[in-house]
Amino acid sequence: DHTILDIVLIDQEFRKPIGRPYITVAIDTYSRMIYGYYLSFSPPNSMSVTTTLKTGILPKDELLISLDIKGNYPISGLPRQISLDNAKEFNSKHLETFCKIYNIDKQFREVKRPDHGAYIERFFGSLNRSIRDTNLPGYAPPLADRVSDYNPDSDSLKGGLTLPEFEKWLVTWIVKIYHETEHSTLNW
């Protein structure tokens, strides 16, 4: 699934605000580990979905090295099945071909049953709360929570994060916080 994050990021060259990033995430419902992710300023599409799956398939050792993160991110490999909502990017020829090539069974969740996506929605809530609670520069409250004088663009200019800097924060948070948190619904 995807969401737009509660943070405004800045560009690398001029350090000016460029917008709120989208994240596409695949989560392993058995372990609650983040299988794969994709960060972008582009709205979700079939490429963000397949890139998330490719990230999930690959071992994460090189990712951790490239981001200079010491830790363990031990989930990789081909999924046997993926569960999706009914958004158009999940019904694309691109994803259909990808799943066919890798013999991945696509299962669509029941229409108008958001509770069937609870694992991923809980993850998004935890991620956005952590962005807020760690006072990341550029934090942008959800639209419903914004006060009239709040300006995430000016706040992000005060030491804001670029997409690569935020990705390092994100993966560190996934590996050292989220994956290490006991999930109350797991019975093992």
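Predicted model only: the values in this text are computed from it and were never measured. (Residues numbered from 1 in each chain as written. Predicted model: local features only at pLDDT ≥ 70, side-chain atom pairs only at ≥ 80, totals over all residues. Heavy atoms only, no water.)

(A) Seen up close, the overall build of the chain. Tallying secondary structure elements over the chain gives six helices and seven strands in all. A burial count over the chain gives 44% of its 188 residues as buried. Contacts in the chain between residues far apart in sequence, at least 24 positions, make up 59% of those at least 6 positions apart. For the chain, the accessible surface area stands at approximately 10,900 Å², while carbon and sulfur atoms represent 52% of it. (Helix = DSSP H or I, 4+ residues; strand = E, 2+ residues; numbered from the N terminus. Buried < 20%, exposed > 50% of the residue type's maximum accessible area, 1.4 Å probe, protein only. Contact = heavy atoms within 4.5 Å. Areas by Shrake-Rupley, 256 points an atom, 1.4 Å probe, with all protein chains shown as cover.)

(B) Local environment of a nonpolar patch on the surface. Together, L78, I101 and Y102 make up a nonpolar patch on the protein surface, roughly 310 Å² of accessible area in all. Positionally, Y102 belongs in the loop between α3 (93-101) and β7 (105-108). On the basis of relative accessible area, Y102 is assigned to the partly exposed category, the value being 37%. (Patch = residues over 30% accessible without salt bridge, like charges linked within 9 Å, V, L, I, M, F, W, Y side chains within 5 Å. Salt bridge = Lys/Arg side-chain N within 4 Å of Asp/Glu carboxyl O.)

(C) Quick look at the packing of helix α4 (residues 118-133) against helix α6 (residues 163-178). Closest axis-to-axis distance for the α4/α6 pair is 12 Å, and the angle between their directions is 115°. With respect to the hand of their crossing, α4 and α6 are arranged in right-handed fashion. Each of F123, S126, L127, S130 and I131 in α4 lies in contact with α6, whose residues at this interface are F166, W169, L170, W173 and Y178. (Axes fitted to C-alpha atoms, helices over the stretch in contact; angles between N-to-C directions. Left-handed = near helix turned anticlockwise from the far one by under 90°.)

(D) How the structure looks around the layout of surface pockets. Quantified by volume, the largest pocket comes out at close to 750 Å³. Considering the residues around the largest pocket, the lining is formed by 30 residues, among which I27, D28, Q81, I82 and S83 are closest to the centre. Elements that contribute at least two residues to the lining of the largest pocket include exactly β4 (22-27), α1 (46-57), β6 (81-84) and α4. Counted by class, the lining of the largest pocket contains 16 nonpolar, nine polar and five charged residues. (1 Å grid on protein atoms, 1.4 Å probe; cavity = no way out; pocket = protein on both sides within 12 Å on 5 of 7 lines; lining within 4 Å. Points joined across faces, edges and corners; volume = space filled by probe spheres on them. Nonpolar A, V, L, I, M, F, W, Y, C, P; charged D, E, K, R; others polar.)

(E) Focus on the sheet that holds strand β1 (residues 2-4). The strand order β1-β4-β5 describes an open sheet built from three strands, whose pairing is antiparallel. Here the strands that pair on one side only, and so sit at the sheet edges, are β1 and β5 (34-40). For this sheet, the mean angle separating the axes of adjacent strands, direction not counted, is 20°. Where β1 meets β4, three bridges bridge the pair, whose relative direction is antiparallel. Residue pairing across strands places T3 opposite I23, the latter belonging to β4. Against the sheet, α4 makes contact with β1, β4 and β5, and its axis sits at roughly 135° relative to β4, the strand it touches most. (Pairing = 2+ DSSP bridges.)

(F) Structural view of the packing of α1 against α3. In contact at an axis separation of 8 Å, α1 and α3 are set at 25° when each is read in the N-to-C sense. Viewed along their axes, α1 and α3 adopt a mutual orientation that is roughly parallel. Crossing angle aside, the handedness with which α1 passes α3 is right-handed. Within the contact between the two elements, α1 uses S46, M47, V49, T50, L53, K54 and I57 and α3 uses H94, L95 and F98. For the contact of α1 with α3, the class distribution of residues is six nonpolar, three polar and one charged. (Parallel < 35°, antiparallel > 145°, perpendicular 65-115°, else oblique.)

(G) Here's a closer look at the packing of aromatic side chains. Here the structure, examined in full by the defined rule, presents seven aromatic pairs. Summarising the aromatic geometry, the rings of F123 and F124 are spaced 5.9 Å apart at their centres and angled 55° between planes, so their arrangement reads as tilted. Pair check on accessibility: F123 and F124 agree, each one buried. Judged by centre distance (4.9 Å) and plane angle (80°), the ring pair of F123 and Y178 falls under edge-to-face. Placement of F123 in helix α4 and of Y178 in helix α6 is noted, with a sequence separation of 55 residues between them. Since its relative accessible area comes to 7%, Y178 is described here as buried. Three or more aromatic residues link up through ring pairs in this structure, and these residues are F123, F124, F166, W169, W173 and Y178. Above the face of the Y73 ring, K60 is positioned so that its terminal group lies 5.3 Å from the ring centre. (Phe/Tyr/Trp six-rings, centres within 6.5 Å; stacked < 30°, edge-to-face > 60°. Lys NZ or Arg CZ within 6 Å of the ring centre and 35° of its normal.)

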